[in-house]
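Commentary on secondary and tertiary structure
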Amino acid sequence: MSTPTEGTAPAPPPRPPVSGGPGTPIDVPGVRNLRDAGGVGELRPGILYRSGALDALTARGAERLGELGLRTVIDLRSTPEVAAAPDVRDGLGFTYRRAPVFVERRWPAEQRELYPAMAGRAGRSTVAVIRAITAPGAVPVLVHCASGKDRTGLTVAVLQTLLGASEAEVTEDFLRSNEALGLATWAPSAVGGPVAGEQPLAVNGLVAGERPGGGSPRPGHGALPVAATHLFHALLWIRSHHGSVPDWLLAHGATESELADLRAVLSGRPRTP
């Protein structure tokens, strides 16, 4: 067996893969809460990723992100959020698309109110996401919002549901954001009641939960953990108003053909009529 000659540096250890598999956090400097959303139902791994925003992406992070081979990034944030903190895109070569759940930065401050509100607003946004994913050459794709847990959480849950994932699988992936963002210890307050005098909406540049005129602010949504009951109530709203997740999407402009295309792209199986 040959040995290194004197003065020759040993070979560096092999670098770990960017992705450790579905559900495993992916270490990309400057990107929070990044993971593979596949491996549930018929959703194959390595095709749909989820994360927080890319506005703080570092040069090293861009290199690591590039190793995922992303072809499309879909941004669910509002227009003011994107203007204030645009994604870093230089040199990455992916197609950038927007599909805002809320066009303006105006949404309920309480998590338990936010999720039914998102279900009422996210239909067209989710249809836009589906069309972006099924465009020729669009995958692998990354879907993100600000922290990757609320708007992204609901959107990805819908996609996983369409690919046949069980409620338990969808919820398990949804809750992974708490650990990824260091929010697990906040869980008991996630479904707490409103604070007396709290402003119900985040408007005019205020972070969700801040109070005009000072005083002790409620944490913005980025600091609030998710709970299984949040996703449950969003999906309950969808089903109680539209019957099923596919019917919710059809009511917001999707076609049966587009849903079939989505299942084929994300599963890798031949398209069925």
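Here is what the cut-offs are and how they apply
Residues numbered from 1 in each chain as written. Predicted model: local features only at pLDDT ≥ 70, side-chain atom pairs only at ≥ 80, totals over all residues. Heavy atoms only, no water. Helix = DSSP H or I, 4+ residues; strand = E, 2+ residues; numbered from the N terminus. Buried < 20%, exposed > 50% of the residue type's maximum accessible area, 1.4 Å probe, protein only. Areas by Shrake-Rupley, 256 points an atom, 1.4 Å probe, with all protein chains shown as cover. Pairing = 2+ DSSP bridges. Contact = heavy atoms within 4.5 Å. Axes fitted to C-alpha atoms, helices over the stretch in contact; angles between N-to-C directions. Phe/Tyr/Trp six-rings, centres within 6.5 Å; stacked < 30°, edge-to-face > 60°. Lys NZ or Arg CZ within 6 Å of the ring centre and 35° of its normal. Salt bridge = Lys/Arg side-chain N within 4 Å of Asp/Glu carboxyl O. Expected span 1.5 Å × (residues − 1). Right-handed = clockwise from strand over helix to strand, strands pointing away.

A word on the overall build of the chain
If you tally the helices and strands in the chain, you get 8 helices and 5 strands. Secondary structure elements of the chain occur, N-terminal to C-terminal, as β-β-α-β-α-β-α-β-α-α-α-α-α. The burial tally for the chain puts 45% of its 273 residues in the buried class. Of the accessible surface of the chain, which amounts to about 12700 Å², a share of 55% is contributed by carbon and sulfur atoms.

What to know about the sheet that holds strand β3 (residues 72-75)
Adjacent strands of a sheet form backbone hydrogen bonds with each other and so pair up, either parallel or antiparallel. The 5 strands are arranged β1-β2-β5-β3-β4 in an open sheet whose pairing can be described as mixed. Looking along the sheet, the strands with just one partner apiece sit at the ends: β1 (35-36) and β4 (95-98). The sheet contacts of helix α3 (residues 111-133) involve β2 (48-51), β3, β4 and β5 (141-144), and relative to β3 the element is tilted by about 175 degrees. The strands touched by helix α4 (residues 151-162) within the sheet are β2 and β5, with β2 carrying the most contacts at an inclination of about 160 degrees.

Focus: the packing of aromatic side chains
Taken as a whole and judged by the stated rule, the model has 2 aromatic pairs. A ring pair is formed by F102 and W107, whose centres lie 5.6 Å apart and whose planes are at 45 degrees; its orientation type is tilted. The class of F102 is buried, set by a relative accessible area of 3%. Seen in terms of ring centroids, Y115 and F174 are 5.9 Å apart; in terms of plane orientation they differ by 90 degrees. Their pairing is edge-to-face. Placement of Y115 in helix α3 and of F174 in helix α5 (residues 167-180) is noted, with a sequence separation of 59 residues between them. The same class applies to Y115 as to F174, namely buried. A cation over a ring is seen here: R89 above Y96, with NZ or CZ 4.1 Å from the ring centre. Its guanidinium or amino end placed over the ring of W107, R151 lies 5.0 Å from that ring's centre, counting from NZ or CZ.

Some details on the pattern of salt bridges
This structure, assessed with the given rule, holds 13 salt bridges. A salt bridge links R50 to D173; the shortest N-O distance between them is 3.0 Å. One end of the pair, R50, is in strand β2; the other, D173, is in helix α5, and 123 residues separate them in sequence. By sharing partners, the salt bridges in this structure join R35, R50, E172, D173 and R176 into a single network.

A closer look at helix α8 (residues 256-267)
Over its 12 residues, α8 extends 16 Å from the first C-alpha to the last, a length consistent with the 16 Å expected when each residue adds 1.5 Å. Regarding α8, the residues found buried are E258, L259, A260, L262, A264, L266 and S267. Looking at the buried positions of α8, the neighbouring elements they touch are α3, α4 and α7 (245-251). Phi for G268, located one or two positions after α8, is positive at around 80 degrees.

Things to note about the pairing of β3
A regular strand places its side chains on the two faces of the sheet in alternate fashion. Side chains T72 and I74 project from β3 onto one buried face, and the interleaved V73 and D75 project onto a second face that is buried too. Handedness of the β-α-β unit built from β3, helix α2 (residues 79-84) and β4 comes out right-handed. Here β3 runs beside β5; their pairing, made up of 4 bridges, is parallel. In the strand pairing of β5, V73 is matched with L142.

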